[in-house]
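So the chains spell out like this:
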Amino acid sequence: MHAAAEAVWQQVAPQLPGFSVEVLASVDSTNTELMRRARAGQHDPVLLVALEQTAGRGRMGRAWHSAPGDSLTFSLGLPLEPADWSGLSLAIGLAAAQAVHPAIRIKWPNDLWADGRKLAGILVETASIAGSRARYVVAGIGINIAPRPADPSFTIQPVGLRELDPALDAERALRLVAPRVVAAMQAFERHGFAPLQAAYAERDALAGRGVRLSDGTAGEAHGVDGTGALLVHTAAGLKAVTSSEVSVRPA
Ligand code: BTN
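As a starting point, this report considers the structure included with it.

Here we come to helix 3 (residues 88-100). An ideal rise of 1.5 Å per residue puts 18 Å on 13 residues; helix 3 measures up with 19 Å between its terminal C-alpha atoms. Along helix 3, 12 of the 13 residues are buried, which leaves the element largely enclosed by surrounding structure. If you check which residues of helix 3 are buried, you get Leu88, Ser89, Leu90, Ala91, Ile92, Gly93, Leu94, Ala95, Ala96, Ala97, Ala99 and Val100.

Looking now at the packing of aromatic side chains. Tallying each qualifying case throughout the model produces one aromatic pair. Ring geometry for Phe193 versus Tyr200: centroids 6.2 Å apart, planes at 75°, classification edge-to-face.

Our focus in this paragraph is the site of the ligand. In the vicinity of the ligand, 20 residues are found, and the nearest of them are Ser29, Gln53, Arg57, Arg59 and Lys118. Ser29 is positioned with one of its side-chain polar atoms (N or O) 2.7 Å from an oxygen atom of the ligand. Within the contact set of the ligand, a nitrogen atom lies 2.9 Å away from a side-chain nitrogen or oxygen of Gln53. Isolated, the ligand exposes 420 Å² of accessible area, and the fraction of that covered by the protein chains is 99%. Mapped by element, the contributors of at least two residues to the shell around the ligand are helix 2 (30-39), strand 3 (71-80), strand 6 (117-128) and strand 7 (135-144). Sorting elements by how many residues they give to the shell around the ligand places strand 6 first, with four residues. Along the lines of polarity and charge, the residues of the shell around the ligand split into five nonpolar, 11 polar and four charged.

With that out of the way, let us pick up the pairing of strand 9 (residues 218-224). Walk down a regular strand and you will see the side chains alternate between the two sheet faces. Direction of pairing for strand 8 (residues 210-212) relative to strand 9: antiparallel, over a ladder of three bridges. Residue pairing in the sheet places Gly210 in a bridge with Glu220 of strand 9. Between the end of strand 8 and the start of strand 9, which pair antiparallel, lie five residues, with Gly216 showing a positive phi angle near 100°. Note that strand 9 and strand 10 (residues 230-234) share four bridges and pair antiparallel. Across the sheet, residue Val224 finds its bridge partner in strand 10, namely Leu230. Here strand 9 folds back onto strand 10 in antiparallel fashion, the turn holding five residues, of which Gly228 has a positive phi close to 90°.

Quick notes on the rules
- Residues numbered from 1 in each chain as written.
- Predicted model: local features only at pLDDT ≥ 70, side-chain atom pairs only at ≥ 80, totals over all residues.
- Heavy atoms only, no water.
- Helix = DSSP H or I, 4+ residues; strand = E, 2+ residues; numbered from the N terminus.
- Expected span 1.5 Å × (residues − 1).
- Buried < 20%, exposed > 50% of the residue type's maximum accessible area, 1.4 Å probe, protein only.
- Phe/Tyr/Trp six-rings, centres within 6.5 Å; stacked < 30°, edge-to-face > 60°.
- Near = heavy atom within 4 Å.
- Polar contact = N/O pair within 3.5 Å; in protein donor to acceptor, adjacent residues only side chain to side chain.
- Areas by Shrake-Rupley, 256 points an atom, 1.4 Å probe, with all protein chains shown as cover.
- Nonpolar A, V, L, I, M, F, W, Y, C, P; charged D, E, K, R; others polar.
- Pairing = 2+ DSSP bridges.

Following this line, the structure appears as structure tokens:
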């Protein structure tokens, strides 16, 4: 993993002054660690890779479980000052999907799916930076690598990257994904989400599918708008869903 991290540094550092990479044998959570550092005033751009997370976190307060070797877990932290924050997590998910494999789809807002199964999860968090209009963004990505035994309690079964392409291991995935996500975050800072709407549509796992929102509303997903809001045709009309706390499931 150190060679892959070094390769990422070589690729990213010229575009991102002050960038550093770290590989930890074990940490509670790469997101928790970078958010802790941000609160302590450390806002330098960094890639933090963990071989093991003991308290990995997912969206909506869920846990992200992984065992050493079965997944790639890392977070990218960097200060950003976009005019509009909407759609950032979609931009990150899109970049990760594009970096790895043509078959990967995005399940709004930013899970990555392949064959209708969950391949990766993304957790984006931000911290304020005293005296600055920028915020420190922590983009945490967990990608399943080795095929994992199906857990019958999951509604959406996981899939490993190796099932998509046996040549894709954690090192290769890191080399592909991290530079692309950094570039996407920098592009997002300048241009926002709107220029990515068409590329998102090509990878939209929910397009045309029946979905149910966490408030019970059912409808059919019709892509995202220029701000990244999920458009859902419901009995009450077209609804633009923006809250990341809304969960959407195939009906
Ligand atoms: C989700 O599916 O709800 C998001 C999962 C995000 C997991 C990654 S693994 C690296 C980073 N550290 C964490 O604790 N979470 C993210």
